[in-house]
Amino acid sequence: MNATKDLLYRIADDCLIIAHRNSEWTGLGPLLEEDIAFSSIAQDKLGHALSLYRILHEEFGERDPDTIAFTRNEKDFTCCHFVELPNGEYDFSLMRHFLFDAAEFLRWTMLKNSSIASVAALAAKIQGETKYHVYHGRTWVIRLASAGNEESKARMQSALETCWPFALGMFEHGVDEQALIREGVFAGEDELKTQWEEFVRSTMVEAGLIIPEHDAAVLGGRKGYHTEHLQPLLDEMTVVFRTDPGAEW
Amino acid sequence: MATIVSLDPRVTRLNIESTDASMDPKPELDQFQTFEVFVQQKTGAHHVHVGCVHAPTSDLALVLAKEQYGRRGTTLNMWVVNTRDVVTTSADDADIFATTPEKKYRDVAAYMVRNKVEEFKKKNLPQDGEKS
């Protein structure tokens, strides 16, 4: 697959799967206001995925967004393992949300300079949304870790340790990083990872949490190898679509 | 022990034991404090009170208020104020405002200025059709 298409699929698949995971909290959130905010953020992620699938369809000759989202096989998805993991408890979901959204915000900030005009325009359009997502996650993480009680602090530290190797897997290389950099499409996963680590580190210092030192990244998602959690998620996500694939909504 | 089977797959997945035990009642007032939310829709417009949110701190109140009250329509700026910091008149003192509706001379509508404006325009401004 060409490097640009591969990049857009990776970003869009991450957004689609995290959107579905986070939306599983709808109606079950820890307090009404947070339930609404978290659901709304999940909905935004779905919007990011849709916008990217639309660009893939209109400019790169891929199938229409619904077909892409609802009919591909598990092996065709290139999301990272991080977004596939079940929600667990709210500490894990919140930490994943912060770590993922920090990366997404920085990625879109880099993409504002992309040589693909439609991608650069999308990046500019959604900057405020992703800024709010990070603001939301960061405020909760700092609050629970630095001003909560012993249990909330221990839970956030434990969630960070669980998340870390999976979070590093977000930066697994695509099919041709050099081509993306050369053509000015995207400055590459290594550059993004450097910016992300710096940003996350400053937040964790403020939160009083310790980032694990020697964890290797969990890889494979970008090549179509997934955890056992993705297929059940896809089954559930597509259940309505599959009852009548040709239906007009 | 049987587990709860729900139409909602998320609930079924939790493998909650189905027992007849009644749920413990929640203690009273176990909620977070509240913050009043004010929204400004246009530059120069007043911030208007739109409701309140529960939150542990003012910064989280702002984070949550953004999605509760800034999710639809246009918003330019938002304030949150801790409800306990709002100073209010007592319900018993509603009578301090009782005679206000009678004081029509304080209402703009009470001034019959419109007729005077029309008269002035007629006398001093060119009428339609008189433009050269």
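Our subject is the structure listed above.
One structure accompanies this document, and this report is about it.

Residues and elements named next belong to chain A. Viewed as axis vectors pointing N to C, helix 2 (residues 32-60) and helix 7 (residues 127-146) meet at an angle of 145°, and their least axial separation amounts to 11 Å. When you trace helix 2 past helix 7, the crossing you get is left-handed. Between helix 2 and helix 7, the residues in contact are Ala37, Ile41 and Asp44 and Glu129, His133 and His136, respectively. When grouped by side-chain class, the residues that make up the contact of helix 2 with helix 7 number 2 nonpolar, 2 polar and 2 charged.

Here we take up helix 8 (residues 150-168) of chain A. Residue and element names in this part refer to chain A. The end-to-end C-alpha distance of helix 8 is 27 Å, a good match for the 27 Å that 19 residues give at a rise of 1.5 Å each. Along helix 8, the sharpest change in direction is near 30° and occurs at Thr162; proline Pro165 comes one to four residues later. Looking at the buried side of helix 8, the elements it contacts are helix 4 (81-84), helix 5 (90-111) and helix 7.

Time to look at the interface of chain B and chain A. With 15 residues of chain B in contact, the opposing surface of chain A contributes 14 residues. Every element with two or more residues in the side of chain B that touches chain A is listed here: helix 1 (9-13), strand 2 (48-54) and helix 2 (58-69) of chain B. Here the side of chain B that touches chain A gets 7 residues from one element, more than from any other, and that element is helix 2 of chain B. Split into classes, the residues belonging to the side of chain B that touches chain A amount to 7 nonpolar, 3 polar and 5 charged.

What counts and what doesn't
Counting of residues starts from 1 at the beginning of each chain's written sequence and follows it residue by residue. The lettering of chains begins at A and the numbering of ligands begins at 1, in the order of writing. Confidence filtering applies because this is a predicted model: local features only for residues at pLDDT of at least 70, side-chain atom pairs given and counted only at 80 or more, and all residues used for totals across whole chains, interfaces and linings. Only the stretch in contact is used when fitting a helix axis, every axis being a line fitted to C-alpha atoms; angles between N-to-C directions are given from 0 to 180 degrees. Only DSSP runs of H or I with at least four residues qualify as helices, and only runs of E with at least two residues qualify as strands; both kinds are numbered from the N terminus onward. Each helix crossing is assigned a hand: it is left-handed if the near helix lies turned anticlockwise from the far helix by less than a right angle, otherwise right-handed if that turn is clockwise. Here, residues touch in the contact sense if the C-beta positions derived from the backbone fall within 7 Å of one another. Amino acids outside the nonpolar list (Ala, Val, Leu, Ile, Met, Phe, Trp, Tyr, Cys, Pro) and the charged list (Asp, Glu, Lys, Arg) are all regarded as polar, and Gly is one of them. What a helix should span is 1.5 Å times the count of its residues minus one. Bending is quantified residue by residue as the angle between axes fitted to the seven-residue window ending at that residue and the seven-residue window starting at it.

So far we have only geometry, and geometry alone does not tell us how the molecule works.
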